[in-house]
Amino acid sequence: MIIFKFGGASVKEAAGVKNMVEILKKTGTKDKLIVVSAMGKTTNALELVIQNYFEFNKIDLTEVKNFHAQIAQNLFANTNHPIFATLNQYWKELTSFLEENSSQDYDFVYDQVIGFGELISTAIISAYLNSEEIKNNWIDARKLIKTDTTYRDAQVNWEITQKNINHHIKPNELFITQGFIASTTNNCTTTLGREGSDYSAAIFAYCLNAKEVSIWKDVSGVYNADPRIFKDSIQLNQINYNEAIELAFYGASVIHPKTIQPLQRKEIPLVVRSFYDLTLPGTKVSNGPKIVPQVPCFIVKDDLILLSIATKDFSFFVEQNMSEVFALFHAFQTKVDLIQNSAISFSVVIDNKFKKFDLLIENLQKRFRVSFNKGVKLYTLRHATPEAIKATEKDKVVLLKQVTRETAQLVVHENL
Ligand code: ADP
Ligand code: ASP
Ligand code: MG
């Protein structure tokens, strides 16, 4: 079986859906499972719905409804096509959930709402495939991928997931399912983390012993830097799993960081390919110690926080202090990007991904002296050369620097 994953940027309009169907026609519609994300910026739009719901007690779906209605109208000339009733049904279900909900748990509510983007996207595409006479099976990923109850960052229960997938997905046919979403054993929707559809594709690939995974992107492959930011970036034709894990871990957003490990475990090759040009080879990620980039790779993560923590009595910052600090990072779902310690203080660069920074600080201050610098950027250079480091430092205030044989990391503030 082959797994294809199409992201939001690929299916942001009717033309994208048509292009996706062309790709399927050209590459085959049998023995394939396609994983699709929410269309365009739907996930961001739904995040706004959730924010308005919590802050102003307002339920406003106008924007997301209109956006999908427009795409459906462009795909289905017949306004009586059953897809329009299906869409109405989803919006009704979402509205009822919000009206009846009494939970104040933001993360729980977030996951019950946000997955409608993926459900609706795959419903439209499945119906469109049928209208093109491509027989397909629409699968609710929540029935197959089972997780714990860590809403917004759910951890997969591999054993149950494996059984479910093997039971429902059979060879030779075409399946379409959602990325990003899963559910608890009580059938509450969970999500695998923002941009997690790549990871969903890897979960299906692992459980199905897939031959290959292709993720179709608006770029022609993995570059040595984000081509939207670095004009002189060059494409890497082949990299090994470890290199891909490192690049994704440090923030190369072209691949979700959790994607590679399940594939590596079964040596399933991953190809990052251009959604717009089927003739391009893309970047192949596979096994092989030798396939490492021959050029420095640049990764930038912005809007991070540099946090410095010290004991209140200026005593040494020892292991016990660190374990207390990390327990709090864990409790407030804080992602740590870089660590540096000295005798009396401990510095970390963190990602305020779940917006729990204020709560974290409140709790840290009970035990420690804390200072922080918001809005910092982290530059990571894999296979760094002295020239590349120098070029990165130019015109910036470097707050912290770490250099190892493989990787250089610079925490900078550009607006000081
Ligand atoms: P989708 O959500 O549609 O699957 P993403 O937008 O998440 O796709 O990923 C594609 C984007 O990743 C590109 O548009 C590009 O700007 C960005 N990107 C970041 N780092 C890299 C890199 N090293 N190589 C290629 N693209 C990169
Ligand atoms: N739709 C989700 C997001 O935007 C998941 C994904 O696209 O990978 O984060
Ligand atoms: Mg994405």
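In this text, all values refer to a predicted model and were calculated from it rather than measured experimentally.

### Some remarks on the overall build of the protein
Here comes step 1: A tally of helices and strands in the protein yields 14 helices and 16 strands.
Here comes step 2: In terms of overall dimensions, the protein is globule-like: its C-alpha atoms have a radius of gyration of 23 Å, near the 22 Å expected for 416 residues.
Here comes step 3: Over its C-alpha atoms, taken along the principal directions, the protein stretches across nearly 70 × 55 × 40 Å.
Here comes step 4: A buried classification covers 53% of the 416 residues belonging to the protein.
Here comes step 5: Excluding contacts between residues fewer than 6 apart, the proportion of contacts in the protein whose partners are at least 24 apart in sequence is 73%.

### Quick notes on the environment of leucine 400
Here comes step 1: Among the structural elements, leucine 400 can be located in strand S15 (residues 397-403).
Here comes step 2: C-alpha of leucine 400 to C-alpha of leucine 378: the two residues are 22 residues apart in sequence and 9.4 Å apart in space.
Here comes step 3: Apart from the residues lying within four places of it in its own chain, the contact partners of leucine 400 are Leu306, Leu338, Gln340, Ser347, Gln409, Leu410 and Val411.

### So, the site of ligand 2
Here comes step 1: Residues in contact with ligand 2, as listed here, are Ser37, Ala38, Thr43, Glu118, Phe180, Arg194, Glu195, Gly196 and Ser197.
Here comes step 2: The contact in question runs from an oxygen atom of ligand 2 to an N or O atom on the side chain of serine 37, over 3.4 Å.
Here comes step 3: The separation between a nitrogen atom of ligand 2 and a polar side-chain atom of glutamate 118 is 2.7 Å.
Here comes step 4: For ligand 2, whose free accessible area comes to 260 Å², the fraction covered by protein is 93%.
Here comes step 5: In terms of residue class, the shell around ligand 2 is made up of two nonpolar, four polar and three charged.

### Quick notes on the site of ligand 1
Here comes step 1: Lining the immediate environment of ligand 1, one finds 17 residues, of which Lys5, Lys217, Asp218, Asp226 and Arg228 sit closest.
Here comes step 2: Within the side chain of glutamate 195, an N or O atom sits 3.3 Å from an oxygen atom of ligand 1.
Here comes step 3: Taking arginine 228, its side chain carries an N or O atom lying 2.7 Å from an oxygen atom of ligand 1.
Here comes step 4: For ligand 1, whose accessible area on its own is 570 Å², the fraction buried by protein is 91%.
Here comes step 5: For the shell around ligand 1, the residue count by class is seven nonpolar, four polar and six charged.

### Focus: the nonpolar core
Here comes step 1: Ranked by size, the top nonpolar core spans 53 residues in total, and within it Phe6, Met20, Phe76 and Ile125 carry the most contacts.
Here comes step 2: It is helix H6 (residues 116-131) that provides the largest number of residues to this core, a total of nine residues.
Here comes step 3: For phenylalanine 6, the contacting residues outside a window of four places in its chain are Met20, Ile23, Ile34, Val35, Val36, Ser37, Trp216 and Phe275.
Here comes step 4: Counting 46 residues, the second largest nonpolar core, distinct from the first, contains Val35, Ile169, Ile239 and Leu263.

### Some details on the packing of helix H2 (residues 42-56) against helix H3 (residues 62-75)
Here comes step 1: Contact geometry for H2 and H3: axes closest at 9 Å, N-to-C directions at 155°. Between H2 and H3, the angle falls in the class roughly antiparallel. Facing H2, whose interface residues are Thr42, Ala45 and Leu46, H3 presents Glu63, Val64, Phe67 and His68.
Here comes step 2: Taken together, the residues of the contact of H2 with H3 break down into four nonpolar, two polar and one charged.

### Some remarks on the sheet that holds strand S14 (residues 368-382)
Sheet strands pair via backbone hydrogen bonds, and the direction of the pair is either parallel or antiparallel.
Here comes step 1: If you trace the six strands from one edge of the open sheet to the other, you get S12-S13-S11-S14-S16-S15, paired in antiparallel fashion. In this open sheet, the two strands that pair with only one neighbour each are strand S12 (335-341) and S15. Geometrically, the sheet is characterised by an average inter-axis angle of 30° between neighbouring strands, direction not taken into account.
Here comes step 2: Here six bridges tie S12 to strand S13 (residues 345-351), and the two strands are oriented antiparallel to one another. Counted as the bridge partner of glutamine 340 is serine 347 from S13.

### Comments concerning the UniProt feature "domain: Aspartate/glutamate/uridylate kinase" (unreviewed entry) in the protein
Here comes step 1: Taking the numbering used here, the UniProt-annotated feature "domain: Aspartate/glutamate/uridylate kinase" (unreviewed entry) corresponds to residues 2-274.
Here comes step 2: Annotated as 48% helix and 14% strand, the span residues 2-274 places its first and last C-alpha atoms 17 Å apart.

### Digging into the pairing of strand S10 (residues 283-286)
Here comes step 1: As defined by bridge partners, strand S8 (residues 238-240) adjoins S10 across three bridges and the pair is classed as parallel. Bridged to isoleucine 239 within S10 is valine 285.
Here comes step 2: Bridging between strand S9 (residues 270-274) and S10 involves three bridges; their strand directions are antiparallel. Of the residues in S10, the one forming a bridge with valine 272 is threonine 283.

### Notes on the pattern of salt bridges
Here comes step 1: Counted by the stated rule, this structure contains 16 salt bridges.
Here comes step 2: Two residues, glutamate 393 and lysine 401, come together in a salt bridge whose shortest N-O distance is 2.6 Å.
Here comes step 3: For lysine 401, a relative accessible area of 37% translates into the label partly exposed.

### Describing the packing of aromatic side chains
Here comes step 1: Taken as a whole and judged by the stated rule, the model has 18 aromatic pairs.
Here comes step 2: Plain terms: the ring middles of phenylalanine 4 and phenylalanine 6 are 6.1 Å apart, the flat faces sit at 80° to each other, and that makes the pair edge-to-face.
Here comes step 3: Three or more aromatic residues joined by ring pairs form one cluster here, namely Phe4, Phe6, Trp216, Phe275 and Tyr276.
Here comes step 4: The lysine or arginine in question, arginine 265, covers the ring of tryptophan 158, its NZ or CZ lying 5.9 Å from the ring centre.
Here comes step 5: For the cation-ring pair, arginine 367 lies above phenylalanine 368, with the distance from its terminal atom to the ring centre recorded as 5.3 Å.

### Some words on unusual backbone geometry
Here comes step 1: Despite not being glycine, aspartate 31 shows a phi value in the positive range, around 60°.
Here comes step 2: Here aspartate 31 lies in the loop between helix H1 (14-27) and strand S2 (32-36).
Here comes step 3: The class of aspartate 31 is partly exposed, set by a relative accessible area of 25%.
Here comes step 4: Despite not being glycine, asparagine 172 has its phi angle at roughly 80°, a positive value.
Here comes step 5: By the secondary structure assignment, asparagine 172 is in the loop between helix H8 (158-168) and strand S4 (174-178).

Thresholds, definitions, all that
Residues numbered from 1 in each chain as written. Chains lettered and ligands numbered in written order. Predicted model: local features only at pLDDT ≥ 70, side-chain atom pairs only at ≥ 80, totals over all residues. Heavy atoms only, no water. Helix = DSSP H or I, 4+ residues; strand = E, 2+ residues; numbered from the N terminus. Rg over C-alpha atoms; globule rule 2.2 N^0.38 Å. Buried < 20%, exposed > 50% of the residue type's maximum accessible area, 1.4 Å probe, protein only. Contact = heavy atoms within 4.5 Å. Near = heavy atom within 4 Å. Polar contact = N/O pair within 3.5 Å; in protein donor to acceptor, adjacent residues only side chain to side chain. Areas by Shrake-Rupley, 256 points an atom, 1.4 Å probe, with all protein chains shown as cover. Nonpolar A, V, L, I, M, F, W, Y, C, P; charged D, E, K, R; others polar. Core = buried A, V, L, I, M, F, W, Y, C linked by side-chain atoms within 4.5 Å. Axes fitted to C-alpha atoms, helices over the stretch in contact; angles between N-to-C directions. Parallel < 35°, antiparallel > 145°, perpendicular 65-115°, else oblique. Pairing = 2+ DSSP bridges. UniProt positions renumbered as here; feature names shortened; annotations may be inferred. Salt bridge = Lys/Arg side-chain N within 4 Å of Asp/Glu carboxyl O. Phe/Tyr/Trp six-rings, centres within 6.5 Å; stacked < 30°, edge-to-face > 60°. Lys NZ or Arg CZ within 6 Å of the ring centre and 35° of its normal.

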